[in-house]
Amino acid sequence: MRTANRLATLLLAVVLLVGGVLLAGAAGAAAAGRPALTVDVTAWAATLGEIRWDDWPVRAAAIGALLLGLGLLVAELRRWRPLRLDAGDGWHLHRSRLERRLTVAAASVPGVRRARVRIRGHGAQWRPRVVVTGDPASRDEVEFAVRQELHRLAAPRPGPIEVWLPSGRRAA
């Protein structure tokens, strides 16, 4: 669950809790023969009758509610990278741990100065992408080391393993 989901769930839980407490209080008062909770509607109506859309607190509240709603909508519609990858037979691999293990395996190859692995895809359709800084001749050894680590972890064989060796030239 992401942060936006947790915040939306917390907000809904608070609203339901307050409504449930008010309903239980009204039911308890009715069972005791006392009048139910009363609200002075005339005072509310008088206060709300004086408020206009031109007032800054009304516009600030409306803009705040709009921005909050749009933020929650964007957070819900955004595609998140899954935390777990399907390894078959009901087993799952944690994406971040797998990325760390494969990074260590790729960095252990002689001639590699730095390595970084990102897992692309989701579910059962995932593949590692390895970015290596070092000797270009070590490409096959890096791919072999990554495949060996995947075999050691009993991970399903992914499709092609992307090994990318960027050129050492930088723009001035």
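Refer to the structure printed above.
Residues numbered from 1 in each chain as written. Predicted model: local features only at pLDDT ≥ 70, side-chain atom pairs only at ≥ 80, totals over all residues. Heavy atoms only, no water.

Glancing now at the overall build of the protein. Looking only at helices and strands, one finds 5 helices and 5 strands in the protein. For the protein, whose C-alpha radius of gyration is 29 Å, the value lies well above the compact-globule estimate of 16 Å for 172 residues. A fraction of 50% describes how many contacts in the protein between residues 6 or more apart in sequence connect residues 24 or more apart. With the model as given, the accessible surface of the protein reaches about 13200 Å², and the carbon-plus-sulfur share is 62%. Mean positive and mean negative side-chain charge positions of the protein (26 and 14 charges, respectively) differ by 6 Å. (Helix = DSSP H or I, 4+ residues; strand = E, 2+ residues; numbered from the N terminus. Rg over C-alpha atoms; globule rule 2.2 N^0.38 Å. Contact = heavy atoms within 4.5 Å. Areas by Shrake-Rupley, 256 points an atom, 1.4 Å probe, with all protein chains shown as cover. Lys, Arg positive; Asp, Glu negative; His and termini not counted. Charge placed at Lys NZ, Arg CZ, Asp CG, Glu CD.)

Moving on: the pattern of salt bridges. Going through the model one piece at a time under the given rule, you end up with 8 salt bridges. Two residues, Glu-162 and Arg-127, come together in a salt bridge whose shortest N-O distance is 3.0 Å. One end of the pair, Glu-162, is in strand β5 (residues 162-164); the other, Arg-127, is in strand β4 (residues 125-134), with 35 residues separating them in the sequence. In this structure, Arg-147 and Glu-143 form a salt bridge, with 3.5 Å as the shortest nitrogen-oxygen distance. Here Glu-143 and Arg-147 lie together in helix α5 (residues 139-152), a separation of 4 residues that amounts to about one turn. For Arg-147, a relative accessible area of 25% corresponds to the partly exposed category. (Salt bridge = Lys/Arg side-chain N within 4 Å of Asp/Glu carboxyl O. Buried < 20%, exposed > 50% of the residue type's maximum accessible area, 1.4 Å probe, protein only.)

Attention shifts here to the packing of helix α1 (residues 3-31) against helix α3 (residues 56-77). At a minimum axis distance of 9 Å, the contact between α1 and α3 shows a crossing angle of 130°. It follows from the interaxial angle that α1 and α3 lie oblique. The two elements α1 and α3 cross, and the hand of that crossing is left-handed. Contacts from Ala-4, Asn-5 and Ala-8 of α1 reach α3 at Leu-72, Ala-75 and Glu-76. (Axes fitted to C-alpha atoms, helices over the stretch in contact; angles between N-to-C directions. Parallel < 35°, antiparallel > 145°, perpendicular 65-115°, else oblique. Left-handed = near helix turned anticlockwise from the far one by under 90°.)

Further remarks concern the packing of aromatic side chains. Inspection of the entire model under this criterion finds 0 aromatic pairs. Between the NZ or CZ atom of Arg-129 and the centre of the ring of Trp-164, over which it lies, the distance is 5.4 Å. (Phe/Tyr/Trp six-rings, centres within 6.5 Å; stacked < 30°, edge-to-face > 60°. Lys NZ or Arg CZ within 6 Å of the ring centre and 35° of its normal.)

For Val-142, the position within the fold is in helix α5. You can call Val-142 buried: its relative accessible area is 1%. For the pair Val-142 and Arg-129, spaced 13 residues apart in sequence, the C-alpha to C-alpha distance is 11 Å. When sequence neighbours within four positions are dropped, the list of residues in contact with Val-142 reads Ala-106, Val-109, Val-112, Val-130, Val-132 and Val-163.

What follows covers a nonpolar patch on the surface. The grouping of Leu-7, Leu-10, Val-14, Val-18, Leu-22 and Leu-37 at the surface amounts to a nonpolar patch, some 580 Å² of accessible area in total. Mapping Leu-22 onto the fold places it in helix α1. (Patch = residues over 30% accessible without salt bridge, like charges linked within 9 Å, V, L, I, M, F, W, Y side chains within 5 Å.)

The next thing to look at is α1. Between the first and last C-alpha of α1 there are 41 Å, a value that for 29 residues agrees with the 42 Å anticipated at 1.5 Å per step. Downstream of α1 by one or two residues, Gly-33 has phi in the positive range, about 80°. (Expected span 1.5 Å × (residues − 1).)

In this section: the side chain of Glu-99. Following the sequence through the fold, Glu-99 ends up in helix α4 (residues 95-107). Glu-99 gets classed as buried once you look at its relative accessible area, which sits at 7%.

Turning our attention to the pairing of strand β1 (residues 84-88). On β1, burial follows the alternation: Leu-85 and Ala-87 on one face are buried, whereas Arg-84, Asp-86 and Gly-88 on the facing-out side are not. Summarising the sheet, β1 and strand β2 (residues 91-94) pair through 4 bridges and their orientation is antiparallel. Residue Asp-86 lies in a different strand from β2, and its bridge partner there is His-92. Connecting the antiparallel pair β1 and β2 is a turn made up of 2 residues, with Asp-89 showing a positive phi of about 55°. (Pairing = 2+ DSSP bridges.)

Remember that the coordinates give geometry; whether it matters functionally is a separate question.
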